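Summary of structural features
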Amino acid sequence: MSEPLTTTPGEGFHPHLPDAPGHAASLRTRLHHIRADSLDGDTAQTGGMRRFAAISGRTVGSEKLWMGQTLVAPATSSSDHHHGASETAIYVVGGHPEFVFLDDSGDEPQEVRLRTSPGDYVFVPPFVPHREENPDPTEEAVVVIARSTQEAVVVNLPRLYALPAEEA
């Protein structure tokens, strides 16, 4: 057996593997190293936030998963939005972002605010309207997001409300 090939941080995308025509199928048969400085900013956006794709159909050929990073500026609130049929998992890396949604399971709809800290996780079910807020006046909030679709689906809304089934 030959010596294993290795990559070094900052060395680039698979410098030792061929990217020539005819190797497209190999995208699904090898690991992909996405450097922190190589995230793709050409993603669906919501006001007050910046999303960057790391793992997506476009970046690595994923078929069922999207993963990336979202930055929420200090003293900022995103627009109200949902992520279509995607299940979304959020891991808080830095700051204390708050996630706001409308709970209409009781007699009166009530706004619920989840206050988070680094190390916390949040799960957002499909089609649930919500928004992210960063109440800190000086510190940016940073989260890592994984979705069950290969791309970052973002549907901006005029307010927090439940969509009727025919609109969803």
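Residues numbered from 1 in each chain as written. Predicted model: local features only at pLDDT ≥ 70, side-chain atom pairs only at ≥ 80, totals over all residues. Heavy atoms only, no water.

1. A short note on the pairing of strand β7 (residues 110–115)
Across six bridges, the pairing between strand β6 (residues 98–103) and β7 is antiparallel. The residue of β7 that forms the bridge with D103 is Q110. In this structure, the hairpin formed by β6 and β7 is closed by a connection of six residues. (Pairing = 2+ DSSP bridges. Helix = DSSP H or I, 4+ residues; strand = E, 2+ residues; numbered from the N terminus.)

2. Observations concerning the packing of aromatic side chains
Overall, the coordinates contain one aromatic pair when judged by the stated rule. Considering the side-chain rings of Y91 and Y121, the 4.9 Å spacing of their centres and the 50° angle between planes classify their relative orientation as tilted. Here Y91 is found in strand β5 (residues 88–94), whereas its partner Y121 is found in strand β8 (residues 121–124), with 30 residues between them in sequence. For Y91, a relative accessible area of 32% translates into the label partly exposed. Across from the ring centre of W66, 5.2 Å away, lies the NZ or CZ of R147, which sits over that ring. (Phe/Tyr/Trp six-rings, centres within 6.5 Å; stacked < 30°, edge-to-face > 60°. Buried < 20%, exposed > 50% of the residue type's maximum accessible area, 1.4 Å probe, protein only. Lys NZ or Arg CZ within 6 Å of the ring centre and 35° of its normal.)

3. A closer look at the nonpolar core
In terms of nonpolar packing, the biggest core is built from nine residues, these being A53, W66, I90, V92, F99, V122, V124, V143 and I145. Beyond its immediate sequence surroundings of up to four residues, V92 is in contact with P97, F99, T116, S117, P118, G119, D120, V142 and V143. (Core = buried A, V, L, I, M, F, W, Y, C linked by side-chain atoms within 4.5 Å. Contact = heavy atoms within 4.5 Å.)

4. A look at the sheet that holds β8
An order of β1-β2-β10-β5-β8 is seen for the five strands of this open sheet, with the pairing classed as antiparallel. The sheet is open, and its two borders are formed by β1 (49–55) and β8, each paired with just one other strand. Taking each pair of neighbouring strands and ignoring which way they run, the sheet shows an average axis angle of 25°. Direction of pairing for β5 relative to β8: antiparallel, over a ladder of four bridges. Residue pairing in the sheet places A89 in a bridge with F123 of β8. (Axes fitted to C-alpha atoms, helices over the stretch in contact; angles between N-to-C directions.)

5. Structural notes on unusual backbone geometry
Phi at A75 is positive, roughly 50°, even though this residue is not glycine. Take A75: its relative accessible area is 57%, and that puts it in the exposed class. The phi torsion at F127 lies on the positive side, around 60°, for a residue other than glycine. Among the structural elements, F127 can be located in the loop between β8 and β9 (130–134).

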